[in-house]
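Each chain, written out:
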Amino acid sequence: MLFLVGALLVLGVVLGVVAHVPVPVSMAAGLAIALWLALFAARERLFGHRRSGGRLDHDPRGVR
């Protein structure tokens, strides 16, 4: 519940900032965030399968 309140507070601050800056600045910031998220998703998609996270979903020897 506290996490939700904090998230809503951050959302309110971000929306307040966007309401007070010029439109080109908001568009540039949105584009930068979208590019960062796209790069993150591509990196996770390409290289995320190499990390096991300490738990193997399958036994490399073929034995369960």
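My aim in this report is to walk through the structure given alongside it, one point at a time. Because the structure is a prediction, the values reported are computed rather than measured.

Once that is clear, we can look at the overall build of the protein. Scanning the protein for helices and strands turns up two helices and zero strands. Evaluated residue by residue, the protein yields a buried proportion of 0% over its 64 residues.

Inspection of every chain in the model, using the stated rule, returns one salt bridge. Across the salt bridge formed by Glu44 and Arg43, the nearest N and O atoms sit 3.8 Å from each other. The exposure class of Arg43 is partly exposed, given its relative accessible area of 47%.

What follows is about the packing of aromatic side chains. Counting across every chain of the model gives one aromatic pair. A centroid spacing of 6.0 Å and a plane angle of 20° characterise the contact between Trp36 and Phe40, whose relative ring orientation is stacked. Pair noted here: Trp36 and Phe40 are both in helix 2 (residues 23–47), with a separation of four residues, about one helical turn. You can call Trp36 exposed: its relative accessible area is 56%. Classification of Phe40 by relative accessible area gives partly exposed; the value is 37%.

Attention now goes to a nonpolar patch on the surface. A cluster of nonpolar side chains, contributed by Met1, Leu2, Leu4, Val5, Leu8, Leu11 and Leu15, occupies part of the molecular surface with about 800 Å² of accessible area. On the secondary structure map, Val5 appears in helix 1 (residues 2–20). In this structure Val5 comes out as partly exposed when scored by relative accessible area, which is 48%.

What counts, and at which threshold
Residues numbered from 1 in each chain as written. Predicted model: local features only at pLDDT ≥ 70, side-chain atom pairs only at ≥ 80, totals over all residues. Heavy atoms only, no water. Helix = DSSP H or I, 4+ residues; strand = E, 2+ residues; numbered from the N terminus. Buried < 20%, exposed > 50% of the residue type's maximum accessible area, 1.4 Å probe, protein only. Salt bridge = Lys/Arg side-chain N within 4 Å of Asp/Glu carboxyl O. Phe/Tyr/Trp six-rings, centres within 6.5 Å; stacked < 30°, edge-to-face > 60°. Patch = residues over 30% accessible without salt bridge, like charges linked within 9 Å, V, L, I, M, F, W, Y side chains within 5 Å. Areas by Shrake-Rupley, 256 points an atom, 1.4 Å probe, with all protein chains shown as cover.

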